[in-house]
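# Survey of secondary and tertiary structure
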Amino acid sequence: MTIDPGRSATVRSVEPGGARDEDLLRRLVAGDEQAFRELFRRYASAAHALAFRLVRQAQVAEEIVQEAFLSVWRNPDRYDGARGSVRSWLMGTVHHRAVDAVRREQAQRRRAEQASGIGPGVVEDPVDDLLAAIDLPRERKLVRAALGALPEEQRDVIQRMYFEGLSQSQIAERTGLPLGTVKSRTLLAMRRLRANLGEGTR
Amino acid sequence: MIRDHALIDELLAAQALDGLDADGAALLERELAAHGDCEECRRLEIEHAEVAGMLALALDPRPVREAMADRILAERRTAAAPIERLDARRDARLGWWQAAFGVAAAVALVFAILLATQDGEGQGVPGPAIVAFEGTAPGDLAMSFTPGESGALVWATGLPDPGPGKVYELWMIEDGDPVRGACLAPESGAVAAFLDADPSSADLLAVTVESEECPDAPTTDPVYTAEPGTTQ
Ligand SMILES: [Zn+2]
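Residues numbered from 1 in each chain as written. Chains lettered and ligands numbered in written order. Predicted model: local features only at pLDDT ≥ 70, side-chain atom pairs only at ≥ 80, totals over all residues. Heavy atoms only, no water.

### Considerations on the overall build of chain A
The line we're drawing: Put simply, DSSP H or I for four residues or longer makes a helix, DSSP E for two residues or longer makes a strand, and each gets a number counted from the N terminus. Relative accessibility decides the category of a residue: with a 1.4 Å probe and only protein chains considered, values under 20% of the type maximum give buried, values over 50% give exposed, and everything between is partly exposed. Pairs of residues are marked as contacts when any of their non-hydrogen atoms sit within 4.5 Å. Using a 1.4 Å probe, the Shrake-Rupley method yields the accessible areas, and only the shown protein chains count as cover for residues.
In terms of regular secondary structure, chain A is built from 10 helices and 0 strands. Listing the helices and strands of chain A from first to last along the sequence gives α-α-α-α-α-α-α-α-α-α. By residue count, 49% of the 202 residues in chain A fall in the buried class. Summarising the internal contacts of chain A: among those between residues at least 6 apart in sequence, 64% fall at separations of at least 24. Total accessible area computed for chain A in this model is approximately 9,200 Å², and 50% of it derives from carbon and sulfur atoms.

Dropping the structure here:
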């Protein structure tokens with residue numbers, strides 16, 4: 001499945017050029033099941049990857065995706081086109097739910113670790129293996145290149161915050177950096193990503 | 001009037017990544033409110049959200065079974081019933097408030113425990129506090145929890161149908177502010193739900209009838225209320 005909007009062969013046969021996400025959303029409001037299936041086909045596997053990256057539990061990740069898409073199916077009118085793209089709305093919803101789950105899990109684990117005297121385990125470096133892959137669809141390549149072009153200290157903040165679900169104060173705690181540094185690196189990283197991603201973000 | 005957006009920019013960047021701590025989120029809310037209907041704030045918010053939305057695409061996609069789409073599409077046709085979890089596992093740690101676990105059986109079990117406790121024969125049962133709700137509508141609604149600990153069980157029988165596209169929503173009122181507790185979709189008037197919160201800090205527990213999307217704030221007057229301090 002492709003996660004590239006507007007490239008579906010199925011849709012193209014019906015609507016030349018492929019339906020835009022926003023048009024699919026409009027059809028969804030009218031209860032169009034095909035529109036839902038198309039949106040699901042475009043984004044469910046990306047949403048699933050995101051949820052799994054954060055929660056690291058297959059079943060929980062699936063539940064998060066299901067709940068997010070169910071909410072889209074039930075309440076498509078919650079999407080407000082004036083506040084950004086369908087993709088960022090959808091991925092934002094999934095990310096938010098997954099981070100909620102991660103934080104609850106972290107709080108639990110912390111209590112368990114305190115009780116057992118065991119410290120936190122080794123943290124993986126997911127962005128590094130992200131950057132190693134080749135031969136990708138255009139958007140994935142673009143995003144990975146943009147991440148790869150960040151100064152390491154900024155990429156580290158994005159990795160911990162977006163891909164591991166840590167808050168700014170948690171990052172400061174784990175890295176020993178002043179909170180203010182974490183905050184400024186977050187902003188710098190986001191600005192540079194936007195510049196690197198260019199038109200892809202609109 | 002030209003406003004300074006340096007702080008808001010920084011806060012919005014972190015918010016887009018879900019990286020704000022609670023105090024940061026509160027600060028952002030205040031700052032945005034102070035700016036009111038501000039075009040620059042909107043622009044920054046969208047910009048950061050779009051960048052964050054792209055980041056997910058860096059990951060290798062993880063396939064999802066088509067059956068999930070079928071399951072979701074079947075949902076609206078069956079109206080307000082909560083979606084079943086993927087299996088019967090009940091995971092309170094990660095559970096959303098809607099833990100669907102054989103409503104009738106759970107309600108029967110909890111009432112059995114309640115009756116045993118009331119008879120003074122519940123010494124062997126770990127004794128959570130139980131509050132009964134009073135209401136303007138018929139039915140029995142109660143909640144059990146251990147004060148100071150997160151996690152509460154809500155159950156009910158004989159509740160009237162809230163109406164098409166409607167559910168009951170439970171609120172914990174703290175210092176006059178309603179905090180969302182759980183969305184309750186009765187099956188044949190029965191409800192059993194797990195609440196991932198500690199209700200003992202609330203001044204009042206209230207249940208209202210809301211649309212099935214479960215709004216963030218109550219839109220109708222309570223039909224049932226209880227004070228968590230008045231346990232049985
Ligand atoms: Zn502003």
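### Overview of the overall build of chain B
From N to C terminus, chain B includes 5 helices and 9 strands. Moving toward the C terminus, one meets the helices and strands of chain B in the order α-α-α-α-α-β-β-β-β-β-β-β-β-β. The buried share of chain B, reckoned over its 232 residues, is 44%. Counting only contacts in chain B whose residues sit at least 6 apart along the sequence, the fraction spanning at least 24 positions is 62%. Within the structure as shown, chain B displays about 11,300 Å² of accessible surface, and the carbon and sulfur contribution to it stands at 53%.

### Observations concerning the packing of helix α10 (residues 179–197) of chain A against helix α3 (residues 39–55) of chain B
Selection rule: Angles run from 0 to 180 degrees between N-to-C directions of axes, and those axes are lines fitted to C-alpha atoms, restricted for helices to the stretch in contact. To sort the angles, those under 35 degrees are grouped as roughly parallel, those over 145 as roughly antiparallel, those from 65 to 115 as roughly perpendicular, and the leftovers as oblique. Following the grouping adopted for this structure description, the nonpolar residues are Ala, Val, Leu, Ile, Met, Phe, Trp, Tyr, Cys and Pro, the charged ones are Asp, Glu, Lys and Arg, and the polar ones are all others, Gly among them.
Contact pair α10(A) / α3(B): the axes reach a minimum separation of 10 Å and the direction vectors enclose 75°. With respect to their mutual orientation, α10(A) and α3(B) come out roughly perpendicular. Along the contact surface, α10(A) presents Leu187(A), Met190(A), Leu193(A), Arg194(A) and Leu197(A), while α3(B) presents Glu47(B), His48(B), Val51(B), Ala52(B), Met54(B) and Leu55(B). Residues of the contact of α10(A) with α3(B), tallied by class, amount to 8 nonpolar, 1 polar and 2 charged.

### Describing the coordination of the zinc ion
Residue and element names in this part refer to chain B. In plain terms, the rule: For Na, K and Ca the donor cut-off is 3.2 Å, while for other metals it is 2.8 Å, and in both cases only N, O and S atoms qualify; water is not among them, so sites may look incomplete. A four-donor site is classed as tetrahedral when every donor-metal-donor angle falls between 85 and 135 degrees; four donors are called square planar, and six octahedral, when trans pairs exceed 155 degrees and all remaining angles lie between 65 and 115, with any other arrangement labelled irregular.
Summarising the metal site, the zinc ion is bound by the protein donors His5 (NE2), His35 (ND1), Cys38 (SG) and Cys41 (SG), whose distances to it range over 2.1 to 2.2 Å. Around the zinc ion sit 4 donor atoms, and with donor-metal-donor angles ranging over 101 to 125° the site reads as tetrahedral. Motif for the zinc ion, donor spacing along one chain: H-x29-H-x2-C-x2-C. Judged on exposure class, the residue His35 and its partner Cys38 are both buried.

### Observations regarding the pairing of strand β8 (residues 204–211) of chain B
Residue and element names in this part refer to chain B. Basically, it comes down to this: Following DSSP output, two strands are said to pair if at least two bridges run between them.
Judged from the 8 bridges that link them, strand β5 (residues 166–174) and β8 form a sheet pairing that is antiparallel. Directly across from Met172, in β8, lies its bridge partner Leu205. Here β8 pairs with strand β9 (residues 224–226) via 3 bridges, running antiparallel. Residue pairing across strands places Val207 opposite Tyr224, the latter belonging to β9.

### With respect to unusual backbone geometry
In this structure, Arg56(A) is a non-glycine residue whose phi angle is positive, near 60°. Looking at the secondary structure, you find Arg56(A) in the loop between α3 (33–55) and α4 (58–74).

### Structural notes on the sheet that holds β5(B)
Residues and elements named next belong to chain B. As summarised here, the arrangement of the 5 strands in space is β2-β9-β8-β5-β6, forming an open sheet in which the pairing is antiparallel. Each having just a single partner strand, β2 (134–135) and β6 (177–184) make up the two edges of the open sheet. With 7 bridges connecting them, β5 and β6 associate as antiparallel partners. Its bridge partner being in β6, Leu170 is matched across the sheet by Ala182.

### Considerations on the interface of chain B and chain A
Definition in use: A simple way to read buried area is as the amount of 1.4 Å-probe accessible surface that goes missing from two parts once joined, with both sides added. Put simply, a salt bridge is a Lys or Arg side-chain nitrogen that is within 4 Å of an Asp or Glu carboxyl oxygen. N or O atoms closer than or at 3.5 Å make up a polar contact, with two conditions inside protein: a donor-capable atom paired with an acceptor-capable one, and, for residues adjacent in sequence, both atoms drawn from side chains.
The partner chain A presents 77 residues to the 57 residues of chain B that form the contact. Summed over both partners, the interface of chain B with chain A comes to about 6,400 Å²; 58% of that surface belongs to carbon and sulfur atoms. Scanning the region where chain B abuts chain A turns up 9 salt bridges. A salt bridge links Asp60(B) to Arg140(A), with the shortest nitrogen-to-oxygen separation between them at 3.4 Å. On inspection of chain B and its partner chain A, the count reaches 24 residue pairs in polar contact (both at pLDDT 80 or more). Where the side of chain B that touches chain A is concerned, the elements lending two or more residues are α1 (6–16), α3 and α4 (66–77) of chain B. Examining the composition of the side of chain B that touches chain A, we find that 11 residues originate from one element, α3(B), more than from any other. Residues belonging to the side of chain B that touches chain A are distributed by class as follows: 29 nonpolar, 4 polar and 24 charged.

### Section: helix α2 (residues 21–29) of chain A
All names here are of chain A. Operational definition: The arc in question is the one spanned by the directions pointing from the helix axis to the C-beta atoms.
Buried residues of α2: Asp21, Leu24, Leu25 and Leu28, and no others. Looking down the long axis of α2, one finds its buried residues gathered within 100° of arc, a one-sided arrangement. Gly31 sits one or two residues past α2 and shows a positive phi near 85°.

### Concerning the environment of Gly180(A)
Here Gly180(A) is to be found in helix α10. Counting along the chain gives 11 residues from Gly180(A) to Ser169(A), while the straight-line C-alpha distance between them is 9.5 Å.

### Section: the packing of aromatic side chains
Residue and element names in this part refer to chain A. This is how it is decided: Each Phe, Tyr or Trp ring (for Trp, its six-membered ring) is paired with any other whose centre lies within 6.5 Å, and the angle between the two planes then decides the class: stacked below 30 degrees, edge-to-face above 60, tilted in between.
According to the stated counting rule, one finds 7 aromatic pairs over all chains in the structure shown. Judged by centre distance (5.3 Å) and plane angle (55°), the ring pair of Tyr79 and Trp89 falls under tilted. Of this pair, Tyr79 sits in the loop between α4 and α5 (86–116) while Trp89 sits in helix α5, placing them 10 residues apart in sequence. Looking at Trp89, the relative accessible area reads 22%, which means it is partly exposed.

### What to know about the nonpolar core
Note the threshold: The set of buried Ala, Val, Leu, Ile, Met, Phe, Trp, Tyr and Cys residues whose side-chain atoms join them within 4.5 Å is what this entry labels a nonpolar core.
With 69 residues, the main nonpolar core has Phe69(A), Ile158(A) and Leu193(A) as its most contacted residues. Among residues more than four places away in sequence, those in contact with Leu193(A) are Ala146(A), Leu147(A), Leu150(A), Ile158(A), Val51(B) and Leu55(B). Judged by nonpolar contacts, the second largest core, of 25 residues, contains Ala156(B), Ala193(B), Leu205(B) and Val223(B).

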